Structures are given as structure tokens and as C-alpha cells.
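# Structure assessment
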Amino acid sequence: QYSVTPLKRLKNLADLFGVEDIFVKDESLRFGLNAFKVLGGSYAMAKYIAQKLDMDLDDLPYEKLISPEIKEKLGKVTFITATDGNHGRGVAWTSQQLEQDCVVVMPDGSALERRDNIRKTGAKCDIMDGLNYDACVRLANKYAEEKGYIMVQDTAWEGYEEIPTWIIQGYSTLAKEASDQLKEAGKKPTHIFLQAGVGSFATGVTGFFSDEFKGSEKPFIGLIEPEKANCNYLTAKINDGKIHNVEGEMNTIMAGLACGEPVTVGYPILKSYVDAFLSVPDSSAARGMRILGNPIGEDERVISGESGAATVGAVSEILQREDLKDIKEKLKLDENSVILFISTEGDTDFEHYRKVVWDG
């Protein structure tokens, strides 16, 4: 079922913003799941199975993973995760494909549509009253320890780093695709803007492009977070060698980025290779959703959700607002800039998407 997701060139938008080119990788078409997250979870789950069977993953194509012989050796596995929606749906979908069981816990305030999409895969999924994302991660880990479930989480902590590392590696699939697509278009990115929750996705893409383009050839990488859940930004700003968390409700429309604890295995890579950390308001994400959904001229439309459009919206304001001119200069944005964005999700919360793009 794998296919490369499209890289859409928004040349008219680039002309309006006064830059050379803008490209948006549209992850709403990934496996029909409306988000990129499945790339990480599926890779980590397959790696776990290969390790448990003492086999090489290259020797375990999908057909073999679901064969009676392998299932007899492996036994029944229950995967568990915490999610605001997209990651959990990817883990649940992969569990369904592998004919294994899945449990998903979601934070208070999660969209019912996202919960119901997870349940459609056959997974057990509940929204936990009064618990934020990070508390749900701890609860899922408690269940895993008590019941022997396998935790598939895209954040890491001391003693839990192998599976998050595999998830980060899985995310780099989309970076490799984007790199190949840019080469086909005859373009090299000067700037890449990435959204961050815990930072696993951003780590995978940052790591890939920092390896692909070394030294002075490396694109300028900017990391964007909601101002109500800006744990990587805070950690970078304080810069005292410690991880700094954001606690509390983290009430942002960017549900996929409402995470208060940076991924420990990824932050050292972000610290080393990200050039700018930005903390942005919800209004930036909403603007990005409207910009991508209402293309100029022949530019292709991108249906992008709150977390998916955060980067486009924030950068659009930096490029257009006179009061943000100093930030534009610090980000080295000018008429020669070739910018890569990744729209990480589509309208995964359909009702809220319409509230933003129709009702403002």
C-alpha cells in the first residue's frame, strides 16, 4: 500500500511572499490515514517484531509478518500508545494490518472523530478525563508494565529510547522522498521549517537533511511550536544543558503539537542542527490552514490541519508583516529562498477544520 506522497510547488504563493520558491509535502495522502505518523509507528513495530524473532527486518516482508509460521513463533502482541489522534491511529492501523491487538489512550479534549477513527481499526481507545498528553504517556506506560503490552511511543525518557529511535528513523522516509522530489524539480532547499510536539518528527527530518547536505550546504532549519506548548523552544532559550518541560492544559488548536516534554533521544540533534526555534500563536496555524486551502492561480490546493499548517502560517506572517522584519532577517529569508514545508496532516478533525476555514 506504500506510495510516495506528493510535493506540491506553490510558485504563485512564493511570488506573493517575495521568495524564489515554496514546496509543500502533502502527508494527508499517507496510506489513506490523513497524516504522516504511521511512518514511524509501523517501522518501529516491525523492528520490534524482527528483534523479538532474532531476524533481520529485510527478511520480514509484510506477507511473512502475517504468515502462520511467524505468528506462531511470535504469539499475540498487544501494542499500546498515547496520542492526540494521528500517532495512535497509525499504531492502531498497523496493529490491524499485522493482525495484532492495540490499546490507545487519548488526552482530555481530544476530538471524538479522531477517537472513532482509531476504534474503527478494532483498537480499544478511550479519552482520559483530566489528563493531558504527557500524563497519558505515563498512564500508557504503566499499563504496558503491568500487563506486558508493548509501548510504541514517539517520545523518549531514560530507559525507553530504542523504540522512539526507530520511530524517528521511520519518519525520515518522508524526508528522503522530499529530497528526491526536490532533485527532480531541480531545486535545493535553502530553508526547511518543521513543526514540533515532542520533536521526534523534527528530529527525523533534521537528521536526514543535515546528513544529506553537510556543512555550509545544509539548509537553514527552523522549528515551530505552539506558544502554549513550546518545550523545545524553552529548552533552547534557557540553554542550561537541561530539558525544560511545559506543564498544565496546553490548550492550543494545534492538538498534534500539544506536548510538554521534549524527546530526550532527539533533542541533542535538534540542538546541534536546528538554526532557529520559534514559538507561535494559534492564529498562525489558522492562517496557514486558510492559505493552503485557498491557493493562488495555478498553485495546488493543500488541505492541511491545525498542526500541519502551523509552519506555513507562521512563516507567511514573518514574510509579510513589517513588525516581524527583524525575525525575517534573522531567518535569512529573501528573494533567493527556496522553502520546504511539510503538511503533516489533513483535516483529521473535520468539524474544527471547517470552523477555522469557514468561520474564521
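Structure: above.
Let me sum up the structure you'll find in this document.

Rules used in this analysis
Each residue is numbered by its place in its chain's sequence as written, counting from 1. Where local features are concerned, this predicted model is filtered to residues with pLDDT of at least 70; where side-chain atom pairs are given and counted, the filter is 80 or more; whole-chain, interface and lining totals use all residues. Side-chain measures were taken over the full set of non-hydrogen atoms in the model, leaving aside hydrogen atoms and water. We count a stretch as a helix when DSSP gives it H or I for four or more residues in a row; a strand needs E for two or more, and each element gets its number in order from the N terminus. Classification of residues uses two cut-offs on accessible area relative to the type maximum, computed with a 1.4 Å probe and protein chains only: under 20% is buried, over 50% is exposed, and between them is partly exposed. Using the Shrake-Rupley algorithm and a 1.4 Å probe, accessible areas are obtained, with residue cover drawn only from the displayed protein chains. Counting rule applied: Lys, Arg positive; Asp, Glu negative; His and chain ends not counted. One atom stands in for each charge, and that atom is NZ of Lys, CZ of Arg, CG of Asp or CD of Glu. To get an axis, a line is fitted to the C-alpha atoms, and for a helix only the part in contact is used. The angle between two axes follows their N-to-C directions and goes from 0 to 180 degrees. Throughout this description, any angle smaller than 35 degrees is read as roughly parallel, any larger than 145 degrees as roughly antiparallel, any in the 65 to 115 degree range as roughly perpendicular, and the remainder as oblique. Here a residue-residue contact requires only that any non-hydrogen atoms of the pair lie within 4.5 Å. Under the grouping applied here, Gly and all other residues not named as nonpolar or charged are polar, the nonpolar ones being Ala, Val, Leu, Ile, Met, Phe, Trp, Tyr, Cys and Pro and the charged ones Asp, Glu, Lys and Arg. Should DSSP find at least two bridges between two strands, the strands are regarded as paired. By definition, disulfides here are pairs of cysteine sulfur atoms that lie within 2.5 Å. For the purposes of this section, nonpolar cores are sets of buried Ala, Val, Leu, Ile, Met, Phe, Trp, Tyr and Cys residues that join through side-chain atoms within 4.5 Å. Here a polar contact is recorded for every N or O atom pair within 3.5 Å, except that within protein the pair must consist of a potential hydrogen donor and a potential acceptor, and residues adjacent in sequence are included only if both atoms are side-chain atoms. Definitions used throughout: a 1 Å grid over protein atoms alone; a cavity as a set of points that fits a 1.4 Å probe which cannot get out; a pocket as an open set with protein on both sides within 12 Å along at least five of seven lines; a lining residue as one with an atom within 4 Å of a point. Grid points are joined across faces, edges and corners, and a volume is the space filled by probe spheres set on the points.

## Description of the overall build of the protein chain
Across its full length, the protein chain carries 15 helices and ten strands. Across the 360 residues in the protein chain, those meeting the buried criterion constitute 59%. For the protein chain, the accessible surface area stands at approximately 15,300 Å², while carbon and sulfur atoms represent 47% of it. If the 41 positive side-chain charges of the protein chain are averaged to one point and the 57 negative ones to another, these points end up 1 Å apart.

## Points about the packing of helix α12 (residues 282-293) against helix α13 (residues 310-320)
Packing of α12 against α13 leaves a shortest axis separation of 6 Å and a crossing angle of 95°. Here α12 lies roughly perpendicular to α13, going by the angle between them. Together, Ser 284, Ala 285, Arg 287, Gly 288, Ile 291 and Leu 292 of α12 and Ala 310, Val 312, Gly 313, Ala 314, Ser 316, Glu 317 and Gln 320 of α13 make up the contact between the two elements. Grouping the amino acids of the contact of α12 with α13 by side-chain chemistry returns six nonpolar, five polar and two charged.

## Digging into the sheet that holds strand β6 (residues 150-151)
Strand order in the open sheet formed by four strands is β5-β4-β3-β6, with parallel pairing between adjacent strands. Strand pairing shows two members of the sheet lacking a second neighbour, β5 (124-128) and β6, which therefore form its edges.

## Here we look at the state of the cysteines
Evaluation of the coordinates by the stated rule reveals zero disulfides. Take Cys 125: it sits in no disulfide, and the sulfur closest to it among the cysteines is that of Cys 102, at 8.4 Å. Here Cys 125 falls in the buried class, since its relative accessible area comes to 3%. With no disulfide of its own, Cys 259 has Cys 231 as its nearest cysteine by sulfur position, at a separation of 7.0 Å. Owing to a relative accessible area of 4%, Cys 259 belongs among the buried residues under this scheme.

## Looking at the nonpolar core
Counting residues in each nonpolar core, the largest one holds 70 residues, and the members touching the most others are Phe 79, Leu 194 and Phe 209. Considering each element in turn, this core owes the most residues, eight residues, to helix α8 (residues 162-184). Discounting chain neighbours no more than four positions away, the residues touching Phe 79 are Met 45, Tyr 48, Ile 49, Val 91, Ser 95, Gln 100, Asp 101, Cys 102, Val 103, Ile 150 and Val 152. Grouped together as the second largest cluster of nonpolar side chains are 36 residues, Ile 22, Met 289, Ile 291 and Ala 314 included.

## Some thoughts on the side chain of Ser 110
Residue position: Ser 110 is located in the loop between β4 (101-107) and α6 (112-119). At a separation of 2.7 Å, a polar atom in the side chain of Ser 110 contacts the main-chain carbonyl oxygen of Pro 107. Sequence-distant contacts of Ser 110, that is, excluding residues within four places in its chain, are made with Thr 83, Asp 84 and Ile 127.

## Considering the layout of surface pockets
The volume enclosed by the largest pocket comes to roughly 650 Å³. Phe 31, Ser 42, Ala 46, Tyr 62 and Leu 65 are the residues nearest the centre of the largest pocket, which is lined by 20 residues in total. If you tally residues by element for the lining of the largest pocket, the top one is helix α2 (residues 38-52), at four residues. Approximately 480 Å³ is the volume found for the second largest pocket. Lining the second largest pocket are 21 residues, with Asp 108, Gly 109, Ser 110, Thr 252 and Ala 255 positioned closest to its centre.

## Considering the pairing of strand β9 (residues 276-280)
Burial analysis of β9 places four of its five residues in the buried class, which makes it a mostly covered element. One ladder, built from five bridges, connects strand β8 (residues 220-226) with β9; its direction is parallel. Its bridge partner being in β9, Ile 224 is matched across the sheet by Leu 278.

## Examining the environment of Thr 206
In this fold, Thr 206 is placed in helix α9 (residues 200-212). Expressed as a C-alpha distance, the spacing of Thr 206 and Leu 194, which sit twelve residues apart in the sequence, is 8.4 Å. Here Thr 206 is in contact with Leu 194, Ile 221, Ile 269, Leu 270, Tyr 273 and Val 274, once residues within four sequence places are set aside. At 2.7 Å, the side chain of Thr 206 forms a polar contact with the backbone oxygen of Ala 202.

## Some points on the environment of Leu 98
On the secondary structure map, Leu 98 appears in the loop between α5 (86-97) and β4. Counting along the chain gives 215 residues from Leu 98 to Gly 313, while the straight-line C-alpha distance between them is 38 Å. Not counting residues up to four positions away in its chain, the partners in contact with Leu 98 are Met 45, Ile 49, Leu 65 and Ile 66.

## Topic: the sheet that holds strand β2 (residues 21-26)
Pairing within the open sheet is mixed, and its six strands lie in the order β1-β2-β10-β7-β8-β9. With one partner strand each, in any of the chains shown, β1 (7-9) and β9 form the two edges of the open sheet. The mean inter-strand angle of the sheet, taken between neighbouring strand axes irrespective of direction, is 25°. Against the sheet, α8 contacts β1, β2 and β10 (338-343), and its axis sits at roughly 140° relative to β2. Of the strands in this sheet, β7 (191-195), β8, β9 and β10 touch α13, which is tilted by about 145° from β10.

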